[in-house]
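# A closer look at the structure
Given next are the chains, with one letter for each unit.
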Amino acid sequence: MASAAASKPGSPVRDSSGRALSPQDDVALLPVDNPYLLAVGIMLASLLQILDTTIANVAIPHMQASLGATPDEISWVLTSYIVAVAVAMPITGWLADRIGSRRLFLWSVTGFVLSSMLCGMAQNVTEMVLFRALQGATGAFISPLSQAAMIDTNKPSRQAQMMAVWGMGIMIGPILGPLLGGYLTENWNWRAVFYVNVPLGALSLLIMAAALPSRKIVQRRFDVFGFAMVALTLTAIQLLLDRGGHIDWFDSLEAWIYAFVALSAGWAAVIHLFTAREPLFNRQLFADPNFIFAILLSLVIGVVMFATMALLPPMLQRLFGYGVIDTGEALMPRGIGTLLTMQVAGVLVRRGVDPRLLIGIGFTIAGASLWEMSSWSLATDYWHIASSGFVQGLGLGLVFIPMNASAFATLPPHLRTDGSSLLNLSRSIGSSVGISIVTSMLARNLQIAHADLGAHVTASFTQIVDFSTLDRFQSLGEAALRMVDAEVNRQAAMIAYVDDFYLMMWMSFLTVPLVFFMRRADVTTRIPPSAEDRAAQAADAPH
């Protein structure tokens with residue numbers, strides 16, 4: 001699927017940074033016979049892993065009843081998965097170099113499918129937490145490996161388009177997760193949420209086993225101390241963010257312990273990174289300003305997209321009375337908008353449009369949709385909810401492809417897997433931070449709004465209840481007051497949701513100026529692999 005510009009006679013072929021390529025340069029690092037079939041297998045694996053970050057959320061109440069778990073115990077089903085992903089993902093690059101990217105990818109998908117089966121067979125909450133941690137640890141490598149594989153197995157002129165295809169899974173997965181999870185739980189059983197991974201994962205394995213090539217194996221020392229510090233930092237951060245709401249944040253000693261460990265281990269990890277002879281991450285990654293800004297933008301995308309997706313389902317179900325299927329349908333236009341602009345962005349980047357301009361426009365559109373959402377009320381209809389989601393999807397789709405094109409355009413091929421793992425990790429951390437911030441703000445602002453609204457509910461303000469009759473008709477009076485309090489709670493909750501949308505609106509708008517600190521990819525900053533390098537990669541690739 002070549003671009004329109006490339007199909008015209010005499011038109012230059014361009015890579016993902018807009019640079020004109022000669023026919024000799026427009027060759028994949030790891031050529032394959034059928035890159036489109038391979039892309040199907042890679043995308044199946046990637047989509048399953050992304051789906052599992054949200055698909056289990058809907059099944060949690062059913063899971064809790066079936067396993068006889070307390071609310072605090074069942075929360076570890078989600079926490080264990082998130083922590084395992086965060087800890088395992090940073091070593092993707094080292095493992096890929098050490099045992100080969102093909103072998104690691106196949107083992108990762110196999111482990112993910114088997115651990116999904118174990119999750120479906122769990123008989124108590126302890127087994128479920130352990131199996132979810134195993135699922136997160138094995139699936140953590142899928143996203144960075146899939147992104148690197150989509151780049152390595154396609155020609156530079158086709159890479160932006162393949163990133164658009166890969167980005168669809170990343171963006172659509174969290175939207176489909178609650179809808180699919182709700183459908184499976186309501187029509188079958190909560191265990192079907194995990195069993196659905198088995199046939200699709202097996203199909204992905206068959207395709208990749210037949211067609212996936214491998215990078216050259218590199219003998220690379222494992223940085224034990226660096227990994228330990230990074231793992232401690234990420235574990236403490238994720239536990240603090242995920243457990244904070246349950247333990248009342250810094251009113252609890254547990255939260256202070258998490259914060260102390262995160263700061264201490266994080267400081268040691270940074271010092272070690274810049275002083276060690278062979279650190280966990282190649283220091284060349286942090287010398288590339290485009291890559292650094294891409295990490296920051298991934299954090300913002302994680303906050304804006306995943307925090308919004310965490311807020312909308314409970315808001316629609318609790319305040320607007322939507323069912324699980326209705327909620328999924330209301331959120332689907334967001335995914336449609338993302339699909340459209342990802343394809344458009346891929347074409348525009350290949351035609352030489354400045355990626356920074358597209359990213360800036362994307363964040364502006366996303367901010368505008370959040371501004372519209374900040375004016376919602378309990379009377380907001382389905383059309384306004386769906387249309388604002390569609391507009392927000394348009395903005396996020398414009399951001400994702402140019403951001404990845406800018407990040408990878410200046411990275412040497414041997415750093416792609418490490419770079420991809422860091423980008424995916426930053427998006428994961430951004431989503432955890434964003435969800436934690438908006439849920440904490442939601443609870444706090446709900447209390448504030450309830451107090452403000454309740455102070456105005458007096459005999460002179462409302463005609464719903466005649467306060468002078470409450471003593472004579474005590475039971476009826478209490479019921480009436482409960483009705484008034486319930487309505488005050490609904491209005492206060494809506495105000496709290498609006499405050500969260502307003503916060504994310506400003507976050508989107510304030511990100512726009514940062515985009516232009518990035519630099520456009522220079523011809524000299526991206527050197528295609530030589531014929532000898534390609535021959536060596538092909539010789540080491542199993543078929």
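Since the structure is predicted, the reported quantities are computational estimates derived from the model, not experimental observations. The residue count restarts for each chain, going from 1 along the sequence in the order it is written. Since the coordinates come from a predicted model, pLDDT governs what is reported: local features require at least 70, and pairs of side-chain atoms require 80 or more to be given and counted, while whole-chain, interface and lining totals use all residues. To obtain the side-chain values, all non-hydrogen atoms of the structure were used and water was disregarded.

## With respect to the side chain of Thr 511
To be explicit about the condition: Secondary structure follows DSSP: runs of H or I at least 4 residues long count as helices, runs of E at least 2 residues long count as strands, and numbering of each begins at the N terminus. In what follows, a contact means two residues having at least one pair of non-hydrogen atoms within 4.5 Å.
Here Thr 511 is to be found in helix H19 (residues 474-515). Residue contacts for Thr 511: discarding those within four places in its chain leaves Leu 297, Val 300 and Phe 363.

## Comments concerning the pattern of salt bridges
Counted only if it meets this: The term salt bridge refers to a side-chain nitrogen of Lys or Arg lying within 4 Å of a carboxyl oxygen of Asp or Glu. Relative accessibility under 20% of the residue-type maximum defines a buried residue, over 50% an exposed one, and the middle range a partly exposed one, all with a 1.4 Å probe and only protein chains included.
A full pass over the atoms with the stated rule returns 3 salt bridges. With its nearest N and O atoms 2.8 Å apart, the salt bridge here joins Arg 356 to Asp 354. Asp 354 shares its class with Arg 356; the two are buried. Salt-bridge contacts for Arg 490 lead to Glu 487; the nearest nitrogen and oxygen are separated by 3.0 Å. Taken together, the residues Arg 490 and Glu 487, both in helix H19 and 3 residues apart, mark about one turn of the helix.

## What about the nonpolar core?
In plain terms, the rule: Note on terminology: a nonpolar core comprises buried Ala, Val, Leu, Ile, Met, Phe, Trp, Tyr and Cys residues joined through side-chain atoms within 4.5 Å.
Grouped together as the largest cluster of nonpolar side chains are 119 residues, with contacts concentrated most on Phe 105, Met 208, Met 315, Phe 363, Met 494 and Phe 501. The biggest single contributor to this core is helix H14 (residues 289-318), with 16 residues. Sequence-distant contacts of Met 315, that is, excluding residues within four places in its chain, are made with Phe 320, Trp 376, Met 494, Tyr 497 and Phe 501. Judged by nonpolar contacts, the second largest core, of 18 residues, contains Met 63, Ile 74, Ala 122 and Met 128.

## Concerning the environment of Ala 310
Relative to the helices and strands, Ala 310 resides in helix H14. Spatially, the C-alpha atom of Ala 310 lies 9.0 Å from that of Thr 54, the residues being 256 residues apart in sequence.

## Remarks on the packing of helix H6 (residues 101-121) against helix H8 (residues 142-152)
Angle between the axes and distance between the axes: these two values describe a pair of packed helices. To keep things clear, this is the line we draw: Geometry is summarised by axes, namely lines fitted to C-alpha atoms with helices restricted to the contacting stretch, and by angles between N-to-C directions that run from 0 to 180 degrees. Any angle from 65 to 115 degrees is called roughly perpendicular, while one under 35 is roughly parallel, one over 145 is roughly antiparallel, and all others are oblique. Take the far helix as the reference: if the near one is turned anticlockwise from it by less than a right angle, the crossing is left-handed, and if turned clockwise, right-handed. Each residue receives one of three labels: charged for Asp, Glu, Lys and Arg, nonpolar for Ala, Val, Leu, Ile, Met, Phe, Trp, Tyr, Cys and Pro, and polar for the others, Gly being one of them.
Across the interface, H6 lies against H8 with an axial gap of 10 Å and an inter-helix angle of 140 degrees. By the criterion of interaxial angle, the relationship of H6 to H8 is oblique. Between H6 and H8 lies a crossing whose hand is left-handed. On the side of H6, the interface is formed by Ser 101, Leu 104, Phe 105, Ser 108, Val 109 and Phe 112, while H8 contributes Ile 142, Leu 145, Ser 146 and Ala 149. Of the residues in the contact of H6 with H8, the class split is 7 nonpolar, 3 polar and no charged.

## Quick notes on a nonpolar patch on the surface
In plain terms, the rule: For patch building, the residue pool is restricted to those with more than 30% relative accessible area and no salt bridge; the joining distance is 9 Å between like charges and 5 Å between nonpolar side chains (Val, Leu, Ile, Met, Phe, Trp, Tyr). In this description, accessible areas are obtained by the Shrake-Rupley approach with a 1.4 Å probe, and a residue is regarded as covered only by the protein chains that are shown.
A contiguous nonpolar surface patch, about 350 Å² in accessible area, is contributed by Leu 114, Met 117, Met 121 and Tyr 195. At 3 residues, H6 tops the list of elements feeding residues into the nonpolar patch. Inspection of the secondary structure puts Leu 114 in helix H6.

## Details of the environment of Asn 282
Short version of the rule: Throughout this description, a polar contact denotes any pair of N or O atoms lying within 3.5 Å of each other; where both atoms belong to protein, one of them has to be capable of donating a hydrogen while the other can accept it, and for residues adjacent in sequence the pair is counted only when both atoms sit in side chains.
Relative to the helices and strands, Asn 282 is located in the loop between helix H13 (253-275) and H14. For Asn 282, a relative accessible area of 28% translates into the label partly exposed. A C-alpha to C-alpha distance of 7.9 Å links Asn 282 and Asp 418, two positions 136 residues apart in sequence. Residues contacting Asn 282, with those up to four places away along its chain left out, are His 414 and Leu 415. For Asn 282, the side chain forms a polar contact with the main-chain nitrogen of Gln 284, separated by 2.9 Å.

## Comments concerning the packing of helix H2 (residues 35-51) against H6
Axis separation between H2 and H6 bottoms out at 11 Å; the angle between their running directions is 45 degrees. Classified by the angle their axes make, H2 and H6 are oblique. The way H2 lies across H6 gives a crossing that is left-handed. Contact residues: H2 offers Ile 42, Ala 45, Leu 48 and Gln 49, while H6 offers Phe 105, Val 109 and Phe 112. Residues that form the contact of H2 with H6 fall into these classes: 6 nonpolar, 1 polar and no charged.

## As for the confidence of the model for the chain
The test is simple: Confidence scores labelled pLDDT are given residue by residue by the predictor and lie between 0 and 100.
Residues of the chain with pLDDT of at least 70 account for 86%, and the chain-wide mean is 80. For the chain, helix H1 (residues 4-7) is the element with the lowest average pLDDT, namely 40, and H6 is the one with the highest, namely 93. For the stretch residues 1-11, pLDDT sits under 50, and the model shows 10 contacts to residues farther than four places along the chain or on other chains. Within the model, pLDDT remains below 50 along residues 522-543, and this stretch shows 33 contacts once partners closer than five positions in the same chain are excluded.

## Here we look at the packing of aromatic side chains
Let me state the cut-off plainly: Pairing of aromatic rings covers Phe, Tyr and the six-membered ring of Trp, with a centre-to-centre limit of 6.5 Å; geometry is then stacked below 30 degrees between planes, edge-to-face above 60, and tilted otherwise. Distance and angle both matter: a charge sits over a ring if NZ of Lys or CZ of Arg is within 6 Å of the ring centre and within 35 degrees of the ring normal.
The final tally for this structure, using the stated rule, is 9 aromatic pairs. Aromatic side chains Trp 376 and Phe 501 sit 5.7 Å apart centroid to centroid with 80 degrees between the ring planes, which places their arrangement in the edge-to-face category. You can see Trp 376 sitting in the loop between helix H16 (355-373) and helix H17 (382-409) and its partner Phe 501 sitting in helix H19, a full 125 residues away along the chain. Note on Trp 376: relative accessible area 6%, which makes it buried. Overall, Phe 501 belongs to the buried group, its relative accessible area being 0%. Ring geometry for Trp 506 against Phe 509: centres 6.4 Å apart, planes inclined by 80 degrees, an arrangement best described as edge-to-face. Residue Trp 506 and its partner Phe 509 are both found in helix H19; the two are separated by 3 residues, about one turn of the helix. Among the residues examined, Phe 509 registers a relative accessible area of 28% and is labelled partly exposed. Grouping aromatic residues by their ring pairs yields a cluster made of Trp 94, Phe 222 and Phe 227. We note Arg 132 situated over the ring of Tyr 81; from NZ or CZ to the ring centre the distance is 4.3 Å.

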